[in-house]
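# Structural features, examined
These are the residues of each chain, in order.
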Amino acid sequence: DMSQMGLGSGRRQRDKEPLAVKADLAPIKCDICEIAVSEVWREVAKQRAKAPMEFVATRPGGPKKERSTFSEADVNTAVVDVCNRRKEAGEWLWYIDLVESIDRDYARGAIWRELTKKETKTKKNYLLVERRQRGGPIRKWDRESATVKRSCSTLFDDDVPDLEDFIVPLWRGDLDETSAKKLVCSELTNRCGGARETPAPRRGG
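A brief look at the structure comes next.

### Concerning the overall build of the protein
Of regular secondary structure, the protein possesses 7 helices and 5 strands. Listed N to C, the secondary structure of the protein is α-α-β-β-α-β-β-α-β-α-α-α in terms of helices and strands. Within the span of the protein, comprising 205 residues, buried residues form 39% of the whole. In the protein, the share of contacts with a sequence separation of at least 24, taken over all contacts with a separation of at least 6, comes to 72%. Put simply, the protein shows about 12400 Å² of open surface, and 51% of that area lies on carbon and sulfur atoms.

### Some remarks on the sheet that holds strand S3 (residues 96-100)
If you walk across this open sheet you meet the 3 strands as S3-S5-S4, and the pairing is antiparallel. Pairing within the sheet leaves two strands with one partner each, and these edge strands are S3 and strand S4 (110-111). Of the strand pairs in this sheet, S3 and strand S5 (residues 127-131) are connected by 5 bridges, and their pairing is antiparallel. Bridged to glutamate 100 within S5 is leucine 127.

### Things to note about the state of the cysteines
If you walk through the whole model with that rule in mind, you get 3 disulfides. Bridging cysteine 83 to cysteine 152, the disulfide has an S-S length of 2.0 Å. Residues cysteine 83 and cysteine 152 are joined through a disulfide that is left-handed, its torsion about the S-S bond being -75°. Pair noted here: cysteine 83 is in the loop between helix H3 (72-81) and S3 and cysteine 152 is in helix H5 (residues 143-159), with a separation of 69 residues, a long-range link. Each member of the pair, cysteine 83 together with cysteine 152, is buried.

### Description of helix H6 (residues 164-172)
For H6, the full list of buried residues reads Phe166, Ile167, Val168, Pro169 and Leu170. Phi turns positive one or two residues past the end of H6, at glycine 173, with a value near 85°.

### Quick look at the packing of aromatic side chains
A full pass over the atoms with the stated rule returns 2 aromatic pairs. Ring geometry for tryptophan 94 against tryptophan 141: centres 5.0 Å apart, planes inclined by 65°, an arrangement best described as edge-to-face. Within this pair, whereas tryptophan 94 is found in the loop between H3 and S3, its partner tryptophan 141 is found in the loop between S5 and H5, the two being separated by 47 residues in sequence. For the residue pair tryptophan 94 and tryptophan 141, the accessibility class agrees, reading buried in each case. Judged by centre distance (6.3 Å) and plane angle (10°), the ring pair of phenylalanine 156 and phenylalanine 166 falls under stacked. Residue phenylalanine 156 is located in helix H5, and its partner phenylalanine 166 is located in helix H6; the two are separated by 10 residues in the primary sequence. Between the NZ or CZ atom of arginine 85 and the centre of the ring of tryptophan 141, over which it lies, the distance is 4.3 Å. When the ring centre of tyrosine 126 is taken as reference, the NZ or CZ atom of arginine 196 above it lies at 5.9 Å.

### Points about the packing of helix H2 (residues 25-50) against H3
Two elements in contact, H2 and H3, have axes separated by 9 Å at closest approach and are oriented at 140°. On the basis of the axis angle, H2 is oblique to H3. When you trace H2 past H3, the crossing you get is right-handed. In this structure, H2 contributes Val40, Glu43 and Val44 to the contact, and H3 contributes Val75, Ala78 and Val79.

### Quick look at the pairing of S3
Most of S3 is tucked away: 5 of the 5 residues are buried. Burial along S3 is two-sided: the residues Ile96, Leu98 and Glu100 and Asp97 and Val99 are all buried.

### Description of the nonpolar core
Val37, Val40, Trp92, Phe156, Phe166 and Val184 are the most contacted members of the largest nonpolar core, which totals 40 residues. Of all the secondary structure elements, the ones that give two or more residues to this core are H2, H3, S3, S5, H5, H6 and helix H7 (177-188). It is H2 that contributes the most residues to this core, 9 residues altogether. Not counting chain neighbours up to four residues away, the residues in contact with phenylalanine 166 comprise Val37, Val40, Val79, Phe156, Leu175, Ala180, Leu183, Val184 and Leu188.

Rules and cut-offs
- Residues numbered from 1 in each chain as written.
- Predicted model: local features only at pLDDT ≥ 70, side-chain atom pairs only at ≥ 80, totals over all residues.
- Heavy atoms only, no water.
- Helix = DSSP H or I, 4+ residues; strand = E, 2+ residues; numbered from the N terminus.
- Buried < 20%, exposed > 50% of the residue type's maximum accessible area, 1.4 Å probe, protein only.
- Contact = heavy atoms within 4.5 Å.
- Areas by Shrake-Rupley, 256 points an atom, 1.4 Å probe, with all protein chains shown as cover.
- Pairing = 2+ DSSP bridges.
- Disulfide = S-S within 2.5 Å.
- Phe/Tyr/Trp six-rings, centres within 6.5 Å; stacked < 30°, edge-to-face > 60°.
- Lys NZ or Arg CZ within 6 Å of the ring centre and 35° of its normal.
- Axes fitted to C-alpha atoms, helices over the stretch in contact; angles between N-to-C directions.
- Parallel < 35°, antiparallel > 145°, perpendicular 65-115°, else oblique.
- Left-handed = near helix turned anticlockwise from the far one by under 90°.
- Core = buried A, V, L, I, M, F, W, Y, C linked by side-chain atoms within 4.5 Å.

This is the structure in structure tokens:
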């Protein structure tokens, strides 16, 4: 049946995930690291506040002590979900745009890391990460979104050698938002630090 075949290929077309733009991964690696870590930190703070308390005996027959049911597994879930656009923790992915500094008049949101005076002087074209207001119109999921998602996934899947080094202190409450970003983006990985990666080549279209 021809009509059935047409439907099938149409659906496949629609479900095809856009591909990340590999050349754009280096210029955005620091910004996306900081944003993703901030989002994990906020999600963890939110989940911790919501977690019910429980009473546990400190020793057999001893007095019971109140403690949070918030667990390391909950932190792990936040880390896994932050790069997933279909999860609440990954909602931020819908509100990111990549803007060339040459085109920055078109920016509709807040630039995550503005150009320094030195970078501005080079007159080169940098790729900036722009965050739009949550709750506003969400973007079309396209190659740009796929690039941001890839940068996020690579961070936690490949770049951080051992996620426990982030998950445990976060679960213990040892990290504020700034130190969480520093830990992941400058200490556990080299996502940030050093010059901003080579400005993106001018992209057509």
